[in-house]
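One-letter residues, chain by chain:
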Amino acid sequence: MDLDDTPDQAAYRAQVRAWLDQNKGSAPVLQGEGALTDEDEIVAARRAWQGKLAEAGLAGVTWPKEFGGQGLGPIEQVICNQEIARAKVPGILDAIGVGMLGPTIIAHGADEQKTRYLGAMLHGDEVWCQLFSEPAAGSDLAAVQTRARRQDDGTWRLSGQKVWTTNAQFASYGLLLARTDADVPKHKGMTMFIVPMDAEGVTVRGLRQISGEAEFNEVFFDDVALDDGAVVGGVGNGWGTALTTLMYERVTIGLGGEGMGYNSTRFAGAIAGDEAARRDPEVRHQLGEIASELLAVRFTGYRTLTALQKGQIPGPEAGLAKVTIVNGAIRAGDLIADVLGPDALDEDSDWAYMISFLPGLKSAGGTEEILRNTVGERVLGLPPEPRLDKGIPFSELRSKEGAAA
Ligand SMILES: Cc1cc2nc3c(=O)[nH]c(=O)nc-3n(C[C@H](O)[C@H](O)[C@H](O)COP(=O)(O)OP(=O)(O)OC[C@H]3O[C@@H](n4cnc5c(N)ncnc54)[C@H](O)[C@@H]3O)c2cc1C
């Protein structure tokens, strides 16, 4: 692909940059001097900022125009991300909703669901969360045990537990994968639902991380009533619907690395301030290795973009990009911690959050082992993992998930 902007892309970039230059004064300040500290205030300010970005066409760039998006391609989305990072302002609050769940509803949802939910999601009026993972269903997501049982009047009753649910503490809705039929093999008996987070029987409990934040939660469902209009993509089609979300998740994380500030210029900046480290050949060597890996992953990212731009589904390399970015940033964090010493973990340090948060990112959006398995099978053509549960009804599986189903 051509790595320079085309004239149209350059014009688009200039337009985005001009808007950000004009409006960045009203963006919430999240780091450094004058930063907001109260969690409720941060969420309110970020929702308002998302609304402003959406009005200006800088959120949901690839969403169809009829749902409030711009109907543009993935390259314009990346240009937009790059310019938001350059302007040093926060991106949208609901990256999970707009980046992953909205596109799933666009692909599989009913017309009424699209009309009712998408606009409010895009503008940050209603934040969403992804209710997929459970204590015994993470990498093996098709093992979900949360049960939705159909009632005689066509409504549903939902019971079970989800975990690691980012943003559930302030979300209005969640997209939830539930088991609706335990008498068929596990991939076949699931259904996707829209769940109002304020429904009776929903309990959200925060999980505090080592970084001090509590970004994700355990969510419990105790006989929650859902009407038939809550089903997304048809009863029994939950796995196919979930795969759409997971594909968007890998693309969002894989292409978002630079937006998260994981780039070698920034890492070099931290080390350049230390005279001895700057001259240390070993430090320079390590930084060089990290920089070249991140550069390679940027070019791999362009392959993903090319596929998306042509309307194709990105290949497994999108998962490898995620592994490489996270590992590169972890190495950089270790190096910075060596150079800066304990100051690197000081509350005011630019690096404390990154260093303490990164190990968690190794698991999010597919663990390294799972993504490497996928690359082994689908890129290198290695034999697949043995799958002992194939074709067996979920209720007959001898593992603890089957016993509980
Ligand atoms: C920051 C963060 C945010 C998250 N946000 C959300 C969210 O909003 N919504 C949501 O639903 N989930 C969320 N998750 C959960 C995430 O999707 C899971 O952590 C992930 O799917 C892994 O599942 P697990 O944690 O249960 O690990 P497990 O699946 O229990 O894995 C444990 C270990 O075993 C390894 N392993 C498992 N199976 C295999 C295998 N077949 N071969 C080799 N090794 C294997 C794994 O690689 C891992 O090292 C989030 C996680 C993080 C860290």
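Here the structure is shown first, and the text comes after it.
None of the values given here were measured: they were computed from a predicted structure. Sequence positions are assigned chain by chain, starting from 1 and proceeding in written order. The predicted nature of this model means local features are confined to residues of pLDDT at least 70 and side-chain atom pairs, given and counted, to a pLDDT of 80 or more, with totals for whole chains, interfaces and linings taken over all residues.

(A) Region of the structure containing the overall build of the chain. Helix and strand counts for the chain stand at 13 helices and 8 strands. Relative to its length of 405 residues, the chain is compact, with a C-alpha radius of gyration of 22 Å against a globular reference of 22 Å. The dimensions of the chain, computed from C-alpha atoms along their principal axes, are 70 × 45 × 45 Å. Taking all contacts inside the chain whose residues are at least 6 apart in sequence as the whole, residues at least 24 apart take part in 68%. Strands are runs of DSSP state E lasting at least two residues, helices are runs of H or I lasting at least four, and both sets are numbered from the N terminus onward. Computation of the radius of gyration draws on C-alpha atoms alone. For the globule rule, the value is 2.2 Å times the number of residues to the power 0.38. Here contacts are defined at the residue level, using C-beta atoms placed from the backbone and a cut-off of 7 Å between them.

(B) Broad picture of the pairing of strand S7 (residues 216-226). The pairing criterion for strands is at least two bridges between them, as found by DSSP. Of the strand pairs in this sheet, strand S3 (residues 156-166) and S7 are connected by 8 bridges, and their pairing is antiparallel. Bridge pairing in S7 places leucine 158 opposite valine 224.

(C) Expanded view of unusual backbone geometry. Its identity as a non-glycine residue notwithstanding, lysine 88 has a phi of 55°, on the positive side. Positionally, lysine 88 belongs in the loop between helix H3 (74-86) and helix H4 (95-108). For asparagine 167, which is not a glycine, the phi torsion comes out positive at approximately 70°. Relative to the helices and strands, asparagine 167 is located in the loop between S3 and strand S4 (173-179). Residue burial here comes from a neighbour count, namely the number of other C-beta atoms, placed from the backbone, that lie within 10 Å of the residue's own C-beta, with 20 or more meaning buried, 12 or fewer meaning exposed, and in between meaning partly exposed. A tally of 21 C-beta atoms within 10 Å means that asparagine 167 is categorised as buried.

(D) Structural context of the site of the ligand. The criterion for a residue being near a molecule or strand is simple: its C-beta atom, placed using the backbone, must lie within 6 Å of it. Around the ligand there are 20 residues in total, and Phe132, Gly138, Ser139, Thr367 and Glu369 lie nearest to it. Of all the secondary-structure elements, those providing two or more residues to the shell around the ligand are strand S1 (128-131), S3, helix H11 (352-361) and helix H12 (368-378). Here the term charged refers only to Asp, Glu, Lys and Arg, the term nonpolar to Ala, Val, Leu, Ile, Met, Phe, Trp, Tyr, Cys and Pro, and the term polar to all other amino acids, Gly among them. In the shell around the ligand, the residues fall into 8 nonpolar, 10 polar and 2 charged. The split of the chain into domains comes from an automatic or database domain assignment. When residues are assigned to domains, the shell around the ligand turns out to be shared by domain 2 (128-237) and domain 3 (257-366), each giving three or more.

(E) Just the nonpolar core, in detail. Here, a nonpolar core denotes buried Ala, Val, Leu, Ile, Met, Phe, Trp, Tyr and Cys residues that are linked to one another through C-beta atoms within 7 Å. Core analysis: the biggest nonpolar cluster contains 62 residues, and Trp128, Leu175, Leu177, Ala178, Phe193 and Val195 have the highest contact counts within it. Shared between two domains, this core takes at least three residues from each, and those domains are domain 1 (7-93) and domain 2 (128-237). Once you skip the residues sitting within four places of it in the chain, valine 195 turns out to touch Leu131, Tyr173, Gly174, Leu176, Val224, Leu226 and Ala230. In terms of nonpolar packing, the next biggest core, distinct from the first, is built from 25 residues, Ile271, Val297, Ala318 and Ala321 among them.

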